[in-house]
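Understanding the architecture of this molecule
The lines below spell out each chain.
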Amino acid sequence: MSLLQAYSSLSSSSPRATISQTLQSIAVVPPIDSPSCKALIQLILDDLQAVIIDDSPSRLIRDDVLFALSAVKGLGKIPHGAQVLASVPNLKRLMTFAIKLEPAPDASNEALKCVANTLLLSEPARTRLLSQDIDGGNICVDLLQKSATPENTFLSSRILFLCTASPNQSASFIESIVETKRTHFPGNGTIIDVVALKLDDLIASMQSGIKMSRDAMTDLLKLTFNLLVHYPKLAPSEVQSPALGGSPDDQKVMGDFWNSRLDGILPPLVRAFQTIPLSSQNPLASPLTHIIHSLITIPVDASSRAIWFGTRPHSHSTTPQPSSPESTTSSLAGSSHDNQPTPREPKARHIERAISSVISAGRRSFCRSPRSTSPSSADCASRAYELLDTTLAHFLPGDIDPDDPAVRDLCKIDGDTSLDEIVCPLVLLITRFCLGDDDAKTRIRRWLVPENLDRTHPLEKRADLLGRCLRLLASVYHSRLKDSMGEMLYAMCDSDATTLAGYFGYGNVAGFLFHKGVVSAPPVSTASGAPPTTASGLPINPITGTVEHPSEAVDMTDEEKEHEAEKLFVLFDRLEKTGALPPSQNPYRKAFQEGKMG
């Protein structure tokens, strides 16, 4: 007997055990043909409506509702079943079930799971759910506000995330929930206030290890990201750069525009960023990555400085006192800094909007900052720096070449992803800090390149954060991270080529500067912020960035010198004949023409 026949043969007088057994066998979704699947799922929905909404005779009773919804959920995972659930009447039924079954949380959640799965499989269902006939979006906002467990929050957030994924389909809904005050919410807050409250609740849940709190945080952050990305494009918003004033709405880039209605989301995002437990040696994992993706959309400015960096005094000095530069990376994942000061207290971080926009003209700061319960202790620059140190130490241990196959293998172990995808947002975050706040920029630079840096060995071979950053500038496989790292160092050096070459050596940054139009070593300038000598007074070689040692006289006889000169002559002559060297560039030919050789 088929599942459809088995269920159709049931009646209100059938033994309850038989009904439960039949529903449970449907829930495991054995093979079923399309027509039977569609007919069966509709039949169960009709019976559920009879018992939950209409209070009319049905095969089911209240005690069967949970099993029946589980059966609908199972059938709804099949595309043909999802088509049935995606109709306006059935979506409306499921949302009504969720509301009426709130006293029975398991059953109510099962109804929401049916909706979430349907939205995942059917894009048209997302628009239908937001229609006036169903008003499912606002229902889910109410459910999110009232959610008492991480699972409630997860399901409401998942549905809202899917519904707001496309601004073309959800523009009016996004504008409505961001702008409309909810009279039954304390203080008449909007969706931003609801999300902020739930973020704080989930921080506590994650710290307590409550089941599903991490998943709930992840999907709530996905919803947050949608709101932060789409709303500034839909509503009149503040331009973050004068050059963008004439950008049409369809060309607005994430982070280029900001609307003050979204300001309230910053504090809880930052608190989450600072305090959520890290999941592994690689701290850049969900939900931290989703926090970063949300923060990447928010600008950093002087008015939010205390939220970002605490109440430390603002300093325009080029040598501010770093906040107790002790190595605390071990508190995150145990990396060391090899004679480099590191920030003491990890704090929040925020990520940059789009890699392309940061690499393009106008290096701007687009981060916003945390409203910590203890603002004076919040230092996002310190937190960001430590996370970068820890992350790169995990993926690039010792002095390994970033293009070593072992690095790509390690990325795949942490997930089927690349170093570009993992690290770029964090690097862009630090870039924004450097562009948006002079004091943060100076402190980050002092942590990475302290005055007492050991410059007796090649900087790019160091087994610390500085060495890893410089080695990434020469990477072939991690091109996006290579560009982002160059932009970070460039912003850290006042966006000045001379300063950049002075701190790191022109040889290490020549490739990056070439792509910025600087095709030769910039002249050494005392006006740049880069130190001409080490802390002990030794001169720094502008090409290598290391200590410049006096050249030693070559102890050669006249015959040996003549022999070496002949070898060079033959070499240059061969290069000229093969076309590798233009005649005008042959130093020997030029010397003969100028009469310098007899």
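Residues numbered from 1 in each chain as written. Predicted model: local features only at pLDDT ≥ 70, side-chain atom pairs only at ≥ 80, totals over all residues. Heavy atoms only, no water.

**Some words on the overall build of the chain**
The number of helices and strands found in the chain is 27 helices and 2 strands. Out of the 598 residues belonging to the chain, those deemed buried represent 52%. Counting contacts in the chain only where the partners sit at least 6 residues apart, residues at least 24 apart contribute 71% of the total. When the accessible surface of the chain is split by element, carbon and sulfur atoms take 53% of a total near 26,100 Å². (Helix = DSSP H or I, 4+ residues; strand = E, 2+ residues; numbered from the N terminus. Buried < 20%, exposed > 50% of the residue type's maximum accessible area, 1.4 Å probe, protein only. Contact = heavy atoms within 4.5 Å. Areas by Shrake-Rupley, 256 points an atom, 1.4 Å probe, with all protein chains shown as cover.)

**Focus: the nonpolar core**
Proteins that are soluble and globular tend to have nonpolar side chains buried together. Formed by 148 residues in total, the largest nonpolar core has its most connected members in I44, L48, I191, F433 and F504. By residue number, the principal contributor to this core is helix 20 (residues 419–436), which donates 10 residues. (Core = buried A, V, L, I, M, F, W, Y, C linked by side-chain atoms within 4.5 Å.)

**Digging into the packing of aromatic side chains**
Using the criterion set out here, one finds 4 aromatic pairs in the structure. Over the face of the ring belonging to Y477 we find R408, whose NZ or CZ atom lies 3.7 Å from the ring centre. (Phe/Tyr/Trp six-rings, centres within 6.5 Å; stacked < 30°, edge-to-face > 60°. Lys NZ or Arg CZ within 6 Å of the ring centre and 35° of its normal.)

**Looking at the packing of helix 10 (residues 150–163) against helix 13 (residues 213–234)**
In contact at an axis separation of 8 Å, helix 10 and helix 13 are set at 30 degrees when each is read in the N-to-C sense. Compared by their axis directions, helix 10 and helix 13 come out roughly parallel. In this structure, helix 10 meets helix 13 at a crossing whose hand is left-handed. Of the residues in helix 13, those in contact with P150, T153, F154, S157, R158, L160 and F161 of helix 10 are S213, D215, A216, D219, L220, K222, L223 and N226. (Axes fitted to C-alpha atoms, helices over the stretch in contact; angles between N-to-C directions. Parallel < 35°, antiparallel > 145°, perpendicular 65-115°, else oblique. Left-handed = near helix turned anticlockwise from the far one by under 90°.)

**A word on helix 3 (residues 34–54)**
Taking 1.5 Å per residue, 21 residues should reach 30 Å; helix 3 reaches 28 Å between its end C-alpha atoms and fits that length. Every buried residue belonging to helix 3 is among S36, C37, L40, I41, I44, L45, D47, L48, Q49, A50, V51 and I52, and all of these are buried. On the buried face of helix 3, the contacting elements are helix 1 (3–8), helix 2 (16–27), helix 4 (65–76), helix 5 (79–85) and helix 6 (88–100). (Expected span 1.5 Å × (residues − 1).)

**Regarding a nonpolar patch on the surface**
On the surface, L568, L571 and L575 cluster together into a nonpolar patch covering about 230 Å² of accessible area. Here L575 lies in helix 26 (residues 558–577). The class for L575 is partly exposed, based on a relative accessible area of 31%. (Patch = residues over 30% accessible without salt bridge, like charges linked within 9 Å, V, L, I, M, F, W, Y side chains within 5 Å. Salt bridge = Lys/Arg side-chain N within 4 Å of Asp/Glu carboxyl O.)

**Here's the deal with the pattern of salt bridges**
Between side chains of opposite charge, pairing is possible as soon as their charged atoms come close. Using the criterion set out here, one finds 22 salt bridges in the structure. The shortest N-O distance in the salt bridge between K73 and E110 comes to 2.8 Å. Here E110 lies in helix 7 (residues 105–121) and K73 lies in helix 4, a separation of 37 residues in the sequence. Of the charged contacts, one joins D142 and R182 as a salt bridge, the two residues approaching to 2.9 Å between their closest N and O atoms. Here R182 lies in the loop between helix 11 (167–179) and helix 12 (191–207) and D142 lies in helix 9 (residues 136–146), a separation of 40 residues in the sequence. Taking the relative accessible area as the measure of exposure, D142 reaches 23% and is therefore partly exposed. Counted as one network, the salt bridges with shared partners bring together R305, D379, D437, D439 and R443.

**A word on unusual backbone geometry**
Between S286 and P287 the backbone carries a cis peptide bond, its omega angle lying at 5 degrees. Relative to the helices and strands, P287 is located in the loop between helix 14 (266–275) and helix 15 (288–295). In this structure, D494 is a non-glycine residue whose phi angle is positive, near 65 degrees. For D494, a relative accessible area of 38% corresponds to the partly exposed category.

**Here we look at a negative patch on the surface**
A contiguous patch of negative charge, built from D555, D558, E559, E560, E562 and E566, is present on the exposed surface. You can see E560 is positioned in helix 26. A relative accessible area of 40% means that E560 is categorised as partly exposed. (Lys, Arg positive; Asp, Glu negative; His and termini not counted. Charge placed at Lys NZ, Arg CZ, Asp CG, Glu CD.)

**Structural notes on the side chain of S237**
Within the fold, S237 resides in the loop between helix 13 and strand 1 (238–239). A polar side-chain atom of S237 sits 2.9 Å from the main-chain carbonyl oxygen of P232. Looking at S237, its side chain comes within polar contact range of the main-chain oxygen of A235, at 2.9 Å. Dropping the residues within four chain positions of it, S237 is found in contact with Y231, P232, F257, W258 and N259. (Polar contact = N/O pair within 3.5 Å; in protein donor to acceptor, adjacent residues only side chain to side chain.)

**Quick word on the confidence of the model for the chain**
Here the chain averages 83 in pLDDT, and 84% of its residues register 70 or above. Across the chain, element-level confidence peaks in helix 10 with a mean pLDDT of 97 and bottoms out in helix 17 (residues 355–359) with 39. Across residues 315–331, confidence stays below pLDDT 50; counting only partners more than four residues off in sequence or on other chains, it has 49 contacts. (pLDDT = per-residue confidence, 0-100.)

**Considerations on the environment of I543**
Within the element layout of this structure, I543 appears in the loop between helix 25 (506–515) and helix 26. Taking the C-alpha atoms as reference points, I543 and N508, separated by 35 residues in sequence, lie 7.9 Å from one another. Dropping the residues within four chain positions of it, I543 is found in contact with G505, Y506, G507, N508 and A521.

**A word on the environment of G545**
Along the chain, the position of G545 falls in the loop between helix 25 and helix 26. Along the chain, G545 and N508 lie 37 residues apart, while their C-alpha atoms are 8.3 Å from each other. When residues no more than four places from it in sequence are discounted, the contact partners of G545 are R455, L459, F504, G505 and I540.

**Focus on the environment of L121**
Relative to the helices and strands, L121 resides in helix 7. Its relative accessible area of 46% is what places L121 among the partly exposed residues. The spatial distance from the C-alpha of L121 to the C-alpha of Q83 is 8.6 Å, given a sequence separation of 38 residues. The contact partners of L121, leaving out residues within four places of it in the chain, are G76, K77 and A82.

**Things to note about the packing of helix 18 (residues 380–395) against helix 22 (residues 465–472)**
Two elements in contact, helix 18 and helix 22, have axes whose closest approach is 10 Å; the angle formed by their N-to-C orientations is 70 degrees. With respect to helix 22, the element helix 18 is oriented roughly perpendicular. Along its contact with helix 18, which presents Y385, L388, D389, L392 and A393, the element helix 22 presents L465, R468, C469 and L472. Along the lines of polarity and charge, the residues of the contact of helix 18 with helix 22 split into 7 nonpolar, no polar and 2 charged. (Nonpolar A, V, L, I, M, F, W, Y, C, P; charged D, E, K, R; others polar.)

**Quick word on helix 26**
Along its 20 residues, helix 26 runs 29 Å from first to last C-alpha, staying within 8% of the 28 Å computed at 1.5 Å per residue. Just downstream of helix 26, G579 is the residue with a positive phi angle, here 85 degrees.

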